[in-house]
Amino acid sequence: MPPATANIPVIDLAGDEADVARQLVAAAEDHGFIYIKNRGNDIPAAAVDEAFSLSRRIFDTPLEEKQRCSIQTNNRGWTGMHAETLDPKNQRIGDFKEAFNFGEFVDGKAQQPIPSTIAAEEARFAAFADSCRRLCHKILYLLGLGLDANDAVLQWPKVGDFFSSAHFTTQSGSGTILRFLRYPPADAASASADVRAGAHSDYGSITLLFRLPGQAGLEVLRRDNVWAPVPVSPPGTAADPSPPILVNIGDLLSYWTNGLFRSTVHRVVFPAEGSGAAVEGESSSGPRYSIAFFCHPVGTTRLEPVPSQKVKDYVPAGEAVSANPYAERKVMTADEHLFMRLKESYGTLYDEKKEDGSKS
């Protein structure tokens, strides 16, 4: 029996700007996940291939060197197996994954300790992060355009600049993270009851997710509370030079739009080949690599409702009210919103107050 499908739309960025903007807003409302294709020169296929090659270099680094760069309360650095628990209420053990988080780069330099094994490649990591920034800026502008977001007082240069103007105004000052992940292959113990990454919604504005063909595991929770696999290559894209980039809406953008945009819960599992949860041609037999770019606005940005008639007129139904449990209506800053979410996943780390002098 084929698995339930996530039915995530594929949007071609090469289309008419106004039409693409409308499609993006509709997908953000209905699904919270979007496949993006034809991203032009923003992130060419060769850049994604190189990023995955660099990813392997990180995780092949000796353990003591990775431990020297352990994660701090600014959300930057290395985390080992089971260090993060994305669904603490339902997980008996932390996530089956290893990760390395880069914060923002300034003039091509990481603002954190990095393993000596990749120091010579620092500029290449920075270049990939810059490519992700450019694509996020384009998507954020289109989302603002699709909402007809404008403000007679602020007088942005053009309609649509509401989101993009709050992001990337400098090379530092936000919680934006470029994250490399490695999930071990399934074995009898892990695949029986545990997950690679617990059920969660993302914390920021939008996330860019890069995956490799054939590597199974990502699922989204549909509106009918059915877990559905998300193929690396959706139907009709098999001939593309690289899989479409998956974009998802985060809690912050849902909060910012009073719940109009959907921050969809998702997880990474160990689907068995031939099971109802497995996508044909995808497997958990080997390690799974992914790269996520978590886009955040400048930390001091106040999360006041978007000046859009569509947002103003939106009245959430019962299901939408619970879709973002962090949307109690009060104005907070982007940094406050991020810290609230991180503390839930890394409670012990934050309780220990392992400060390194940087803002979280």
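The rules behind these values
Residues numbered from 1 in each chain as written. Predicted model: local features only at pLDDT ≥ 70, side-chain atom pairs only at ≥ 80, totals over all residues. Heavy atoms only, no water. Pairing = 2+ DSSP bridges. Helix = DSSP H or I, 4+ residues; strand = E, 2+ residues; numbered from the N terminus. Axes fitted to C-alpha atoms, helices over the stretch in contact; angles between N-to-C directions. Contact = heavy atoms within 4.5 Å. Salt bridge = Lys/Arg side-chain N within 4 Å of Asp/Glu carboxyl O. Buried < 20%, exposed > 50% of the residue type's maximum accessible area, 1.4 Å probe, protein only. Parallel < 35°, antiparallel > 145°, perpendicular 65-115°, else oblique. Nonpolar A, V, L, I, M, F, W, Y, C, P; charged D, E, K, R; others polar. Core = buried A, V, L, I, M, F, W, Y, C linked by side-chain atoms within 4.5 Å. Polar contact = N/O pair within 3.5 Å; in protein donor to acceptor, adjacent residues only side chain to side chain. Left-handed = near helix turned anticlockwise from the far one by under 90°.

**Comments concerning the sheet that holds strand S4 (residues 98-102)**
Sheet strands pair by backbone hydrogen bonding; their relative direction is either parallel or antiparallel.
Then, in step 1: Read from one edge of the open sheet, eight strands run S1-S2-S12-S9-S14-S7-S4-S3, paired in mixed fashion. A single partner strand is all that each edge strand has here, and the edge strands are strand S1 (10-12) and strand S3 (77-79). Here the strands of the sheet are splayed against their neighbours by 25 degrees on average, with no regard to which way each runs.
Then, in step 2: Those strands touched by helix H1 (residues 17-30) are S1, strand S2 (33-37) and strand S12 (245-249), and its axis lies near 160 degrees from that of S1.
Then, in step 3: Along the sheet, helix H4 (residues 122-146) contacts S2, S4, strand S7 (177-183), strand S9 (206-211), S12 and strand S14 (288-295); its crossing angle with S9, the most-contacted strand, is approximately 130 degrees.

**As for the pattern of salt bridges**
When their charged atoms lie close together, side chains carrying opposite charge are able to pair.
Then, in step 1: All chains considered together, the criterion is met by 16 salt bridges.
Then, in step 2: With its nearest N and O atoms 2.9 Å apart, the salt bridge here joins glutamate 50 to arginine 124. With a gap of 74 residues between them, glutamate 50 in helix H2 (residues 45-59) and arginine 124 in helix H4 connect regions that are remote in the sequence.
Then, in step 3: Across the pair glutamate 219 and arginine 267 runs a salt bridge whose closest N-O atoms are separated by 2.8 Å. A residue pair is termed long-range when its members are at least 10 positions apart, and glutamate 219 in strand S10 (residues 218-221) and arginine 267 in strand S13 (residues 266-268) qualify at 48 residues.
Then, in step 4: By relative accessible area, which is 3% here, glutamate 219 ends up buried.
Then, in step 5: Using a relative accessible area of 21% as the deciding quantity, one classes arginine 267 as partly exposed.
Then, in step 6: Connected through shared salt-bridge partners, Glu50, Arg57, Glu121 and Arg124 make up one network.

**Notes on the packing of H1 against H4**
Then, in step 1: Between H1 and H4, the least distance of the axes is 8 Å, while the angle of their chain directions is 85 degrees. Between H1 and H4, the interaxial angle falls into the category roughly perpendicular. Taking contact as the criterion, the partners of Glu17, Val20, Ala21, Leu24, Val25 and Ala28 in H1 are, on H4, Tyr141, Leu142, Leu143, Leu145 and Gly146.
Then, in step 2: Split by residue class, the contact of H1 with H4 holds nine nonpolar, one polar and one charged.

**Considerations on the nonpolar core**
Then, in step 1: One finds Phe102, Leu143 and Leu208 to be the most contacted residues of the largest nonpolar core, which totals 68 residues.
Then, in step 2: Element by element, the count of residues in this core is highest for H4, at twelve residues.
Then, in step 3: In this view, leucine 208 contacts Ile43, Cys132, Leu135, Cys136, Ile139, Ile245, Leu246, Val247, Ile291, Ala292 and Phe293; residues no more than four positions away in its chain are not counted.
Then, in step 4: Among the nonpolar cores identified, the runner-up in size contains 22 residues, and Leu86, Ile177, Tyr183 and Leu218 belong to it.

**Description of the side chain of aspartate 251**
Then, in step 1: Within the secondary structure, aspartate 251 sits in helix H7 (residues 251-256).
Then, in step 2: At 2.6 Å, the side chain of aspartate 251 forms a polar contact with the side chain of serine 263.

**Topic: the side chain of serine 290**
Then, in step 1: By the element assignment, serine 290 lies in strand S14.
Then, in step 2: The class for serine 290 is buried, based on a relative accessible area of 2%.
Then, in step 3: In this view, serine 290 contacts Phe52, Arg179, Phe180, Leu181, Tyr183, Leu209, Phe210 and Arg211; residues no more than four positions away in its chain are not counted.

**With respect to the packing of H2 against H4**
Then, in step 1: It is at 10 Å that the axes of H2 and H4 come closest, and there the two elements cross at 135 degrees. Considered as vectors, H2 and H4 are oriented oblique to each other. Considering only the axes of H2 and H4, their crossing is left-handed. For the pair formed by H2 and H4, the contact residues are Ala47, Val48, Glu50, Ala51, Leu54 and Ile58 on the first element and Arg124, Phe125 and Phe128 on the second.

**Topic: the environment of proline 44**
Then, in step 1: Relative to the helices and strands, proline 44 resides in the loop between S2 and H2.
Then, in step 2: Residue class for proline 44 comes out partly exposed when judged on its relative accessible area of 37%.
Then, in step 3: Separated by 87 residues in the primary sequence, proline 44 and serine 131 place their C-alpha atoms 9.0 Å from one another.

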